[in-house]
Amino acid sequence: MPETAQRRRILILDGHPDPAPDRFCHALAAAYAQGAASAGHVVHRLNLADLEVPPLTSRAEWESETPSPSVVAVQEELLWAEHLVIIYPLWLGDLPARLKGLLEQVLRPAFAFGGKAVSPGAGRLKGRSARVIVTMGMPALIYRTVFLGHSLAALKRGVLALVGFRPVRDTVFGGIETRRDRARLLAKVGRMGAQGA
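These numbers were taken from a predicted model, which means no experiment stands behind them.

Caption draft 1: Examining the overall build of the protein chain more closely. Within the protein chain one finds 8 helices and 5 strands. Going residue by residue from the N terminus, the α and β elements of the protein chain occur as β-α-β-α-α-β-α-α-β-α-α-β-α. Computed over C-alpha atoms, the radius of gyration of the protein chain comes to 16 Å, within 12% of the 16 Å expected from 2.2 N^0.38 for 197 residues, which places it in the range of a compact globule. For the protein chain, the C-alpha atoms occupy an extent of roughly 50 × 40 × 30 Å along the three principal directions. Expressed as a percentage of the 197 residues in the protein chain, the buried residues total 47%.

This is the structure in structure tokens:
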């Protein structure tokens, strides 16, 4: 690890709900983890497909201070991490429902804001950075220009920045079903991991 680089505690959330090993998001998560570990960063990894987190069904439940043990475990991982990496496929123009449900469960007001009023950037996770990596079938340029990257923007600004993550960077890989340069993409993500970025 270069002397100028800082060893970081990195949490990777593989947000693909399908546990099938051939999903490209799993390969991206593994590449990031390998790159980060090889550079001396400390890496923890959570796989959405392995988590049992029931959906919230009411505001009262969301505001409750008694989440399930599985939710508390994810919250503890977030508090441990200095850098969060979320990797997911774009489904129907948005995050997979199970990933959205996990974020709703984990980022309850009592946890994300410590019981204080919700205020942009004032959350308990202030001082942490994040990287969001999204795969999709459409070309990335179309997603960013025609659809204005709407779901990615909502995640970055309306969720991650709101609870304190800054900076929040993103990487979008489009046309993923037909790409023949997947090895190059994995190498790129591995370099991101080595940089802890």
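Caption draft 2: Quick peek at the nonpolar core. With 35 residues, the main nonpolar core has Leu78, Tyr88, Leu107, Leu160 and Phe165 as its most contacted residues. Mapped onto this core, the elements with two or more residues apiece are β1 (9-14), α3 (69-80), β3 (83-89), α4 (97-106), α5 (109-112), β4 (129-135), α7 (150-161) and β5 (168-173). The residues contacting leucine 107, other than those within four sequence positions of it, are Trp62, Leu78, Ala112, Leu125, Val159 and Val163.

Caption draft 3: How the structure looks around the pairing of β1. Burial within β1 is extensive, with 5 of its 6 residues counted as buried. Where the polypeptide runs from β1 across helix α1 (residues 24-38) and back to strand β2 (residues 42-47), its parallel neighbour, the crossover connection is right-handed. Taken together, the 5 bridges between β1 and β3 define a ladder with parallel strand orientation. Paired with isoleucine 10 across the bridge in β3 is histidine 83.

Caption draft 4: Structural view of the pattern of salt bridges. One pass over the full model with this rule turns up 9 salt bridges. As a salt-bridge pair, aspartate 170 and lysine 156 come within 2.5 Å of each other at their nearest N and O atoms. Pair noted here: aspartate 170 is in strand β5 and lysine 156 is in helix α7, with a separation of 14 residues, a long-range link. Measuring nitrogen to oxygen at the nearest pair gives 2.8 Å for the salt bridge that ties arginine 179 to aspartate 181. Residues joined in a network through salt bridges with shared partners are Arg144, Lys156 and Asp170.

Caption draft 5: Just the sheet that holds β1, in detail. Taken together, 5 strands build an open sheet; the order of strands is β2-β1-β3-β4-β5 and the sheet is parallel. In this open sheet, the two edge strands, each paired with only one partner strand, are β2 and β5. Between one strand axis and the next, the sheet turns by 15° as a mean value, whatever way the strands run. In the sheet, β4 pairs with β5 via 6 bridges, with the strands oriented parallel. Bridging across to β5, isoleucine 133 finds its partner in threonine 171.

Caption draft 6: Broad picture of the packing of aromatic side chains. Under the defined criterion, the tally for this structure stands at 0 aromatic pairs. Positioned over the ring face of phenylalanine 24 is arginine 182, at 4.5 Å from the centre of the ring.

Caption draft 7: Local environment of the environment of arginine 7. Of note, arginine 7 is situated in the segment before β1. C-alpha of arginine 7 to C-alpha of alanine 73: the two residues are 66 residues apart in sequence and 23 Å apart in space. A distance of 2.9 Å separates a polar atom in the side chain of arginine 7 from the backbone oxygen of glycine 40.

Caption draft 8: Representation of a nonpolar patch on the surface in the model. On the surface, a nonpolar cluster with roughly 260 Å² of combined accessible area is contributed by Ile142, Val146 and Phe147. Relative to the helices and strands, isoleucine 142 is located in helix α6 (residues 140-145). Of the residues examined, isoleucine 142 reaches a relative accessible area of 35% and is grouped as partly exposed.

Caption draft 9: Here's a closer look at the environment of leucine 48. Tracing the backbone shows leucine 48 in the loop between β2 and α2 (59-63). Among the residues examined, leucine 48 registers a relative accessible area of 2% and is labelled buried. Counting along the chain gives 32 residues from leucine 48 to histidine 16, while the straight-line C-alpha distance between them is 6.2 Å. With near-sequence residues (within four places) excluded, leucine 48 lies in contact with Leu13, Asp14, Gly15, His16, Pro17, Arg98, Leu99 and Leu102.

Cut-offs applied
- Residues numbered from 1 in each chain as written.
- Predicted model: local features only at pLDDT ≥ 70, side-chain atom pairs only at ≥ 80, totals over all residues.
- Heavy atoms only, no water.
- Helix = DSSP H or I, 4+ residues; strand = E, 2+ residues; numbered from the N terminus.
- Rg over C-alpha atoms; globule rule 2.2 N^0.38 Å.
- Buried < 20%, exposed > 50% of the residue type's maximum accessible area, 1.4 Å probe, protein only.
- Core = buried A, V, L, I, M, F, W, Y, C linked by side-chain atoms within 4.5 Å.
- Contact = heavy atoms within 4.5 Å.
- Right-handed = clockwise from strand over helix to strand, strands pointing away.
- Pairing = 2+ DSSP bridges.
- Salt bridge = Lys/Arg side-chain N within 4 Å of Asp/Glu carboxyl O.
- Axes fitted to C-alpha atoms, helices over the stretch in contact; angles between N-to-C directions.
- Phe/Tyr/Trp six-rings, centres within 6.5 Å; stacked < 30°, edge-to-face > 60°.
- Lys NZ or Arg CZ within 6 Å of the ring centre and 35° of its normal.
- Polar contact = N/O pair within 3.5 Å; in protein donor to acceptor, adjacent residues only side chain to side chain.
- Patch = residues over 30% accessible without salt bridge, like charges linked within 9 Å, V, L, I, M, F, W, Y side chains within 5 Å.
- Areas by Shrake-Rupley, 256 points an atom, 1.4 Å probe, with all protein chains shown as cover.

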